[in-house]
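# Observations on the three-dimensional arrangement
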Amino acid sequence: MKPINRIKVLLVEKQKTGKWLAEQLERDPATVSRWCSNAMQPSIETFAKIAELLNVDVKDLFNSSK
């Protein structure tokens, strides 16, 4: 299965951790870890919050479908 999101990549680029993201979103770090590994996906609203926290366009959180 092809990875859907780029959360892990963007966290590295922005020098942030999954733990930091979990704290900002008030989520369990295990949940954020599953998002980073593409085992599960956050809601659209959560993607929008992640984009805001990382100061990126929401489309940057996704891998291209092409």
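Here the structure is shown first, and the text comes after it.
These notes cover the structure that comes with them.

## Remarks on the nonpolar core
- Residues I7, L11, L21, I50, L54 and L61 are the most contacted members of the largest nonpolar core, which totals 16 residues.
- Where this core is concerned, the elements lending two or more residues are α1 (7-13), α2 (18-25), α3 (29-36) and α4 (44-54).
- Contact partners of L54, with chain neighbours within four places excluded, come to L10, L11, K14, K16 and W20.

## A word on the pattern of salt bridges
- Evaluated as defined, the whole model comprises one salt bridge.
- The partner of R6 in a salt bridge is E13, and the shortest N-O contact between them spans 3.8 Å.
- Among the residues examined, R6 registers a relative accessible area of 22% and is labelled partly exposed.

## A short note on unusual backbone geometry
- The backbone of E26 sits at a positive phi, close to 55°, despite the residue not being glycine.
- We note that N55 has phi near 55°; this positive angle belongs to a residue other than glycine.
- Residue position: N55 is located in the segment after α4.

Calculation notes
- Residues numbered from 1 in each chain as written.
- Predicted model: local features only at pLDDT ≥ 70, side-chain atom pairs only at ≥ 80, totals over all residues.
- Heavy atoms only, no water.
- Core = buried A, V, L, I, M, F, W, Y, C linked by side-chain atoms within 4.5 Å.
- Buried < 20%, exposed > 50% of the residue type's maximum accessible area, 1.4 Å probe, protein only.
- Helix = DSSP H or I, 4+ residues; strand = E, 2+ residues; numbered from the N terminus.
- Contact = heavy atoms within 4.5 Å.
- Salt bridge = Lys/Arg side-chain N within 4 Å of Asp/Glu carboxyl O.

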